Amino acid sequence: MQEIGHWIGGRRVAGTSGRFADVFNPATGEVQARVALASAAELDAAVAAAAEAQPKWAATNPQRRARVMMEAVRLLNRDMDRIAEAISREHGKTFPDAKGDVQRGLEVIEFCTGAPHLLKGEFTDSAGPGIDMYSMRQPLGVVAGITPFNFPAMIPLWKIGPALAAGNAMILKPSERDPSAPLLIAEVFREAGLPDGILQVVNGDKEAVDAILDSPVIQAVGFVGSTPIAQYIYSRAAATGKRAQCFGGAKNHMIVMPDADMDQAADALVGAGYGAAGERCMAISVAVPVGERTADALIAKLVPRIEKLKVGPYTAGSEVDFGPLVTAEAKRRVLGLVESGIAQGAKLVVDGRGFMLQGYEKGFFVGPHLFDRVTPDMDIYRTEIFGPVLSTVRARSYEEALALAMDHEYGNGTAIFTRDGDTARDFASRINIGMVGINVPIPVPLAYHTFGGWKRSGFGDLNQHGPDAFRFYTRTKTVTARWPSGLKEGGEFHFRAME
Ligand code: NAD
């Protein structure tokens, strides 16, 4: 059985805790490897080594650090297929989708090649008589990234790029479900010229996470995962004085106005609802057609498209639209929610429960499901399903549709499909959700903007990537400087008031 360890001090090392987690092949259900789960002592040792290496890295001029990013971009492009294959093998997503996972992370590293510009401080000449004032952005020291299973390359890269380009060292604790891609990424950064110890990849579970939260050395935690864990990490990190940004779950609504192009809306919903088997924090999981006629037209367009979707292993190549869920537990959970939807009175229009693939009977596949006449009190509406299940909630008016999305506890992404500029503008302005698409179903901002949800989809006050990431991974120091040529007027013993 293949054993996956950690990346410490610029090389792969085996775990010493004696604890392991199974890594599955989601298509066959077989255990294909086991990953070491670090003890608190292993985590602390990785932190100590990072703390030793970090000051020299921080003192390296920002342009040289940016050159490591430039080389990493080249190498990530070179190794894209290898990393994507590792993702598909452990996560189950299709190969093109896995390449997208690497690509959207790589774009943040491209953005980080401009770090010297982003790290420039501020300067006020002659703030007072003979006084200059300047602010500089300094790295925090050792920081941590804790990342989810669903984007095993993209989200680690979102953390690694800005943290390292700003001069920090990072402890990355990736998901134990698909640990291979982050290790390949660590190898790439070493080859790109990153000094040993600056990026430590420590695999683990709650024990490693709690050791991160308790570490007096670690200054900041960037987390992405489910909301209960995001909230736990945010509060515990804050209790020990760490800076924290913790991004959680989602329930993204797509509002379809009566004037929308129904074919376009249906195509968008199918891609955004079922892509990656719905295991995306920006997946659309709720369709909100406005008016009964819109709803009937939308359902009529959706059903044949959904029935045509091809589900299968990534090895089947471009034949497949989406793959299996990540674990048997995820499959059980999703199917349990489907049963609850039926029991609570929603209308199951497309039923994927019986889905079975010859030769892959033990795989974690779930066929696509479409519910109609879902109401806000149902579990399938309130809960993040994280599977190939799209719920339709019929709204009587635009205001009712808007209120639905506004009242939901999550606020990650949302979209509106309409041909009316006034409605779209009103929606973008009033909605209390972090990322908004207008005729765009998955509005993931590009690397030079920032990514983050509102309400219970995000805890903390700065977003991921873009300029916010450089604010998160640096702190400001402000210097007030006077260079007297001698005490011309005698000493000053009180603050000067404005005259
Ligand atoms: P998860 O919360 O189970 O795990 C995330 C990380 O936390 C992993 O590294 C895991 O090892 C660790 N963890 C799990 N349980 C823990 C515990 N009890 N104590 C301490 N650490 C723990 O999330 P997941 O299942 O890997 O990922 C899916 C979730 O992530 C979904 O809810 C999805 O919406 C969310 N997500 C959000 C975003 C975003 O930007 N908002 C992006 C991607 C995924």
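Position numbers for residues start from 1 in each chain and track the written sequence from start to end. Local features in this predicted model are restricted to residues of pLDDT 70 or higher, and side-chain atom pairs are both shown and tallied only at a pLDDT of 80 or more, whereas totals for entire chains, interfaces and linings draw on every residue. The basis for every side-chain value is the complete set of heavy atoms in the structure, and neither hydrogens nor water enter the calculation.

### A short note on the overall build of the protein chain
Rules: Secondary structure elements follow DSSP: runs of H or I no shorter than four residues count as helices, runs of E no shorter than two count as strands, and numbering proceeds from the N terminus. Only C-alpha atoms enter the radius of gyration; for comparison, a globular chain is expected to reach 2.2 Å times N to the power 0.38, where N is the number of residues. Exposure is judged per residue with a 1.4 Å probe applied to protein chains only, and the accessible area is read against the type maximum: over 50% gives exposed, under 20% gives buried, and values in between give partly exposed. Between two residues, a contact is recorded if the distance between any of their heavy atoms is within 4.5 Å. For the accessible areas, the method is Shrake-Rupley and the probe is 1.4 Å, while residue cover comes only from the protein chains on display. Charged residues are defined narrowly, with Lys and Arg counted positive, Asp and Glu counted negative, and His plus the chain ends left uncounted. Charge coordinates come from a single atom per side chain, which is NZ of Lys, CZ of Arg, CG of Asp or CD of Glu.
Helix and strand counts for the protein chain come out as 16 helices and 23 strands. Whereas a compact globule of 499 residues would reach a radius of gyration of roughly 23 Å, the protein chain reaches 25 Å, a difference of no more than 12%. Structurally, the protein chain occupies a C-alpha span of about 85 × 60 × 40 Å along its principal axes. For the protein chain, buried positions account for 55% of its 499 residues. A sequence separation of at least 24 residues applies to 73% of the contacts in the protein chain between residues at least 6 apart. A total accessible area of about 21000 Å² is found for the protein chain, and carbon and sulfur atoms account for 52% of it. Each charge class in the protein chain can be summarised by its mean position, and for the 53 positive and 57 negative side chains these summaries are 3 Å apart.

### Remarks on the site of the ligand
Keep this limit in mind: One heavy atom suffices: a residue is near a molecule or strand as soon as one of its heavy atoms comes within 4 Å of it. Here a polar contact means two N or O atoms within 3.5 Å. Within protein one must be a hydrogen donor candidate and the other an acceptor candidate, and residues neighboring in sequence count only if both atoms are side-chain atoms. In this document the domain limits rely on a domain assignment from an automatic tool or a database.
For the ligand, the set of nearby residues contains 26 residues, the closest of which are Thr 147, Lys 173, Glu 176, Ser 226 and Glu 384. One nitrogen or oxygen atom from the side chain of Lys 173 is found 2.7 Å from an oxygen atom belonging to the ligand. At 3.2 Å from an oxygen atom of the ligand is found a main-chain nitrogen or oxygen belonging to Gly 225. In the complex, the protein chains occlude 87% of the 850 Å² of accessible area that the ligand would expose alone. Each of two domains, domain 1 (2-248 + 457-481) and domain 2 (252-438), supplies a minimum of three residues to the shell around the ligand.

### A word on the nonpolar core
Soluble, globular proteins show a tendency: their nonpolar side chains are buried together. Definition in use: In these notes, a set of buried Ala, Val, Leu, Ile, Met, Phe, Trp, Tyr and Cys residues joined through side-chain atoms within 4.5 Å is what counts as a nonpolar core.
One finds Ile 83, Leu 164, Met 170, Ile 171, Phe 189 and Leu 199 to be the most contacted residues of the largest nonpolar core, which totals 91 residues. The dominant element in this core, judged by the number of residues it contributes, is helix 6 (residues 154-165), at eight residues. A domain-level breakdown of this core finds at least three residues from each of domain 1 (2-248 + 457-481) and domain 2 (252-438). Counting 62 residues, the second-largest nonpolar core is a separate cluster that includes Ala 287, Val 288, Val 326 and Ala 395.

Bear in mind that shape data such as this cannot, by itself, settle questions of function.
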